[in-house]
Amino acid sequence: MAVFDHGAFGGAREAPQAPSIDGIEYPRAASWAAGTLTNLLSDDKGRQLFRCFLFDALAEENLNFLEAVDKLKKMRQNDEKQAFAKEIVDCYSPYVNLSSGAMQKIKTAAATDNPDPNEFAPACKEVRRLLENDQFPRFRRSECYLKYLEELLPRSYAEKWATSFEALLGNHVGRQYFRVFLRSIHAEENLRFWEAVVEFRATKNKSPAMLNLAKVILQSYLAEGQSNEVFLPFGVRQVIERKIADQEVDISLFDEAIKHIEQVLRNDPYVRFLQSKEYIDLLGRLH
């Protein structure tokens, strides 16, 4: 029997089963978004939920490839390693997006009598980088993950949103419900800007990555005429533009802007959200 189903990606695909909510509490599941990809994959339920997300995103071959290489590393018999390495190449090379150099390394290794798992390291590094930079961030915002969190959400958490704006923004489920409400009143760009600044502040201070992200935020949310443009007090945007142009970017770059946006959100939209049917219905569903 073949180790892999070679039609798994090109033909019919069987959806993985979502992890149950038995034996898990909300803080554990919420930590998957706050932590790293490594932390997520080290949790059996987190890994399985991520697998479900990747399946929906037509990208489950990336996680499967990493797991297959991990299995190869544990093998000791040469003939078993040789057969398994060939299976990995045959099954995944048409679907996993690798550089030509990394692809050649795994094909060469698989053709030897005693494949060296270390030759798969460059390929694993590229696949893991893709998961970390693209698929893991999308997982944290995905309907798959947010629905799972909502099933675990204690009512007391959602009740706290009524007295704490910070608790609402700091909760993944709460922020998603607030986002949907803001979209209905054509104000979602304010929350999107807030989230972009949170991401900006999480990057290495005064690094090239921070400067690049600052430019993206400026173009996406502060440039005149953009569909996501947020409106700031006179002078605030000009200071940001000047600092970016002079490459004087640090973690405090958007401090004045975010204070203004938080105040905008805290006033009318937040009050109206607490009175919305969506929030009231959510409270009714929670225990």
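Small disclaimer: the values here were computed from a predicted structure and weren't measured.

Parameters and conventions
Residues numbered from 1 in each chain as written. Predicted model: local features only at pLDDT ≥ 70, side-chain atom pairs only at ≥ 80, totals over all residues. Heavy atoms only, no water. pLDDT = per-residue confidence, 0-100. Contact = heavy atoms within 4.5 Å. Buried < 20%, exposed > 50% of the residue type's maximum accessible area, 1.4 Å probe, protein only. Helix = DSSP H or I, 4+ residues; strand = E, 2+ residues; numbered from the N terminus. Arc of directions from axis to C-beta. Phe/Tyr/Trp six-rings, centres within 6.5 Å; stacked < 30°, edge-to-face > 60°. Lys NZ or Arg CZ within 6 Å of the ring centre and 35° of its normal.

### Description of the confidence of the model for the protein
Then, in step 1: When pLDDT is averaged along the protein, the result is 93, and 95% of the positions lie at 70 or above.
Then, in step 2: Here residues 1-10 is modelled with pLDDT under 50, and outside its nearest four sequence neighbours on either side it reaches 23 contacts, counting other chains as well.

### With respect to helix α8 (residues 143-152)
Then, in step 1: The set of residues buried in α8 consists of Y145, L146, Y148, L149 and L152. Considered in projection along α8, the buried side chains sweep an arc of 160 degrees and stay on one side of the axis. Residues of α8 that are exposed and point over 90 degrees away from its buried face: E143, K147 and E151.
Then, in step 2: Structurally, α8 contributes buried residues whose contacts are with α1 (26-34), α3 (44-56), α7 (121-140) and α11 (172-184).

### Let's talk about the packing of aromatic side chains
Then, in step 1: All told, the structure shown has 18 aromatic pairs when counted by the stated rule.
Then, in step 2: Residues F50 and F136 carry aromatic rings whose centres are separated by 6.5 Å and whose planes lie at 90 degrees to one another, so their mutual orientation is edge-to-face. You can see F50 sitting in helix α3 and its partner F136 sitting in helix α7, a full 86 residues away along the chain.
Then, in step 3: Its relative accessible area of 0% is what places F50 among the buried residues.
Then, in step 4: Measuring from ring centre to ring centre gives 5.3 Å for F273 and Y279, while their planes differ by 35 degrees; the resulting arrangement is tilted.
Then, in step 5: F273 sits in the buried class, given a relative accessible area of 0%.
Then, in step 6: Here a set of aromatic residues connected by ring pairs shows up, and it is made of W32, F50, F53, F136, F139, Y145 and Y148.
Then, in step 7: For R140, the ring lying beneath its charged end belongs to F136, and the centroid distance is 4.6 Å.

### Regarding the environment of Y270
Then, in step 1: If you trace the backbone, Y270 turns up in helix α16 (residues 268-274).
Then, in step 2: Residue classification places Y270 among the buried residues on the basis of a relative accessible area of 8%.
Then, in step 3: Along the sequence, Y270 and K160 sit 110 residues apart, while their C-alpha atoms lie 13 Å from each other.
Then, in step 4: With near-sequence residues (within four places) excluded, Y270 lies in contact with W161, A162, T163, S164, F165, L168, F178 and L265.

### Some words on the environment of D113
Then, in step 1: Following the sequence through the fold, D113 ends up in the loop between α6 (100-110) and α7.
Then, in step 2: Note: C-alpha distance between D113 and Q82 (31 residues apart in sequence) is 6.1 Å.
Then, in step 3: Those residues in contact with D113, other than ones at most four positions away along the chain, are N78 and Q82.

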